[in-house]
Amino acid sequence: MATIFHARENLQLNKNHHQHGPIVEEIEGLIKLYKNGHTERPEIVPNVPPTLPLELGITAKDITINNSINLWARVYVPTTTAAKLLPVLVYFHGGGFCVGSAAWSCYHNFLGTLSSKASCVILSVNYRLAPENRLPVAYDDGFNLTTWIKQMSLNPPSDQKWWLSRCNFLSLFIVGDSAGANIAHHVATRLTEPAKGTILIQPFFGGETRTKSERIANSQPNSMLSLSASDAYWRLALPVGASRDHPWCNPLANGVAGLSYARVARTMVCVSDLDILRDRELEFCDAMASAGKRVEKVVYRGVGHGFQVLCNSPQAKARTEEMMAHIKAFIHQ
């Protein structure tokens, strides 16, 4: 979920002087970066505690991974089928690498429902955000958490057994949406032992050359991500001075050969047909297949970027139900 607002690059410095200096980058309603490095993020989505309706049959709790860098995760565990070991999903939220939280209500509700419907354990990762922590910090957090999970599985501490005892670690999936899907892809390629699969929901990729769906972005009223916001997120997240053809942004920057190293067993890519990133995601699927990777793509009609967490329309709800069913089928194959 990159944003529901449009970015505006604020160049009217005389109108934006502040105790921290002028605003040098702004995505309206979401984030302001000042010249001295100070960052402001209005609370556009409420943070909620790990509680869920009883009828979902899910226990949710927050666990600390590394207190020194405030790395934590919200864990969702089905309370039914207690004797059965369940697939494990490591999930990265969206937000253009710059905003968002595992405690955001939209993600809490989506993942609690997904855990219930897909019968899986989910760890929703609260990774560090840019621009204070530019890439590859989010990748490092994701990799370290995944490594931590594997270490915990070998010798479960007593205070973590409530969820570790429910996990089938041979069925580990790396998952995310938007910027979180970008993180999932890069974390999965780092693992020395491949996860069983990767699920990329509207992965946030980019490039200097515009695709057709990016060029017609202004004519897509249902798209939740604008091109200006996308560009601003990359300026805030990539190393200073890097272009959108940096491999962290553009996985096809080095052609199909650049994907051949990816140690992934199989990948599912969820594409929204009104998303400005649609064509870039479809190109990624074709390139992965050309690199010899097992790829399944699903296109959701009539919905845009982040519909599963941002939209409450009947159509978005129906497509979200479809997405959850597709995820369930993929992880239980």
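Residues numbered from 1 in each chain as written. Predicted model: local features only at pLDDT ≥ 70, side-chain atom pairs only at ≥ 80, totals over all residues. Heavy atoms only, no water.

Asks: Would you explain the pairing of strand 2 (residues 31–34) in this entry?
Replies: Successive residues of a regular strand alternate their side chains across the two faces of the sheet. Judged from the four bridges that link them, strand 1 (residues 23–27) and strand 2 form a sheet pairing that is antiparallel. Paired with isoleucine 27 across the bridge in strand 2 is isoleucine 31. Hairpin connection of strand 1 to strand 2: three residues between the antiparallel strands, including glycine 29 at a positive phi of 85 degrees. Here strand 2 pairs with strand 3 (residues 39–40) via two bridges, running antiparallel. Within strand 3, the residue paired with lysine 32 across the bridge is glutamate 40. Connecting the antiparallel pair strand 2 and strand 3 is a turn made up of four residues, with glycine 37 showing a positive phi of about 95 degrees. (Pairing = 2+ DSSP bridges. Helix = DSSP H or I, 4+ residues; strand = E, 2+ residues; numbered from the N terminus.)

Asks: Teacher, can you tell me more about the sheet that holds strand 2 here?
Replies: Spatially, three strands are ordered 1-2-3 in an open sheet, and the strand pairing comes out antiparallel. Here the strands that pair on one side only, and so sit at the sheet edges, are strand 1 and strand 3. On the sheet, helix 6 (residues 227–237) packs against strand 1 and strand 2 and is oriented at approximately 130 degrees with respect to strand 1. (Contact = heavy atoms within 4.5 Å. Axes fitted to C-alpha atoms, helices over the stretch in contact; angles between N-to-C directions.)

Asks: Looking at this model, I keep getting lost on the packing of helix 2 (residues 137–154) against helix 4 (residues 179–190). Mind explaining?
Replies: Packed helix pairs are characterised by how far apart their axes lie and by the angle those axes make with each other. The contact between helix 2 and helix 4 brings their axes to 9 Å, and the two run at 55 degrees. As summarised for this structure, helix 2 and helix 4 are arranged oblique, according to the angle between their axes. As for how helix 2 packs across helix 4, the hand of that crossing is right-handed. Of helix 4, the residues touching helix 2 (which contributes Ala138, Tyr139, Asp140, Gly142, Phe143 and Thr146) are Asn182, Ile183, His186, Val187 and Arg190. Residues of the contact of helix 2 with helix 4, tallied by class, amount to five nonpolar, four polar and two charged. (Parallel < 35°, antiparallel > 145°, perpendicular 65-115°, else oblique. Left-handed = near helix turned anticlockwise from the far one by under 90°. Nonpolar A, V, L, I, M, F, W, Y, C, P; charged D, E, K, R; others polar.)

Asks: Looking at this structure, how should I read unusual backbone geometry?
Replies: The general pattern is negative phi for most residues beyond glycine and trans for most peptide bonds. Looking along the chain, the bond that leaves alanine 130 and enters proline 131 is cis, with omega of 5 degrees. If you trace the backbone, proline 131 turns up in the loop between strand 7 (121–126) and helix 2. Put simply, leucine 135 and proline 136 share a cis peptide bond, and its omega is 20 degrees. Although it is not a glycine, asparagine 70 adopts a positive phi angle of roughly 55 degrees. By secondary structure assignment, the location of asparagine 70 is in the loop between strand 4 (58–66) and strand 5 (71–78). One non-glycine residue with positive phi stands out, namely serine 119, at about 50 degrees. Position of serine 119 among the secondary structure elements: in the loop between helix 1 (105–118) and strand 7. Assessed through its relative accessible area of 25%, serine 119 is described here as partly exposed. (Buried < 20%, exposed > 50% of the residue type's maximum accessible area, 1.4 Å probe, protein only.)

Asks: Would you mind showing me how to read the sheet that holds strand 9 (residues 197–201) here?
Replies: Sheets are built from strands that pair by backbone hydrogen bonding, the pairs being arranged parallel or antiparallel. Strand order in the open sheet formed by eight strands is 4-5-7-6-8-9-10-11, with mixed pairing between adjacent strands. This sheet does not close on itself; its edge strands, each paired only once, are strand 4 and strand 11 (294–300). Strand-to-strand twist across the sheet, computed as the mean angle between neighbouring axes with direction ignored, equals 20 degrees. Strand direction decides the pairing type here: strand 8 (residues 167–177) and strand 9, joined by five bridges, are parallel. What sits directly across from phenylalanine 173, in strand 9, is glycine 197. In the packing of helix 7 (residues 278–290) onto the sheet, contacts are made with strand 9, strand 10 (266–272) and strand 11, and the angle to strand 10 comes to roughly 160 degrees. In the packing of helix 9 (residues 314–331) onto the sheet, the strands contacted are strand 6 (86–92), strand 8, strand 9, strand 10 and strand 11, and the crossing angle to strand 9 comes to about 170 degrees.

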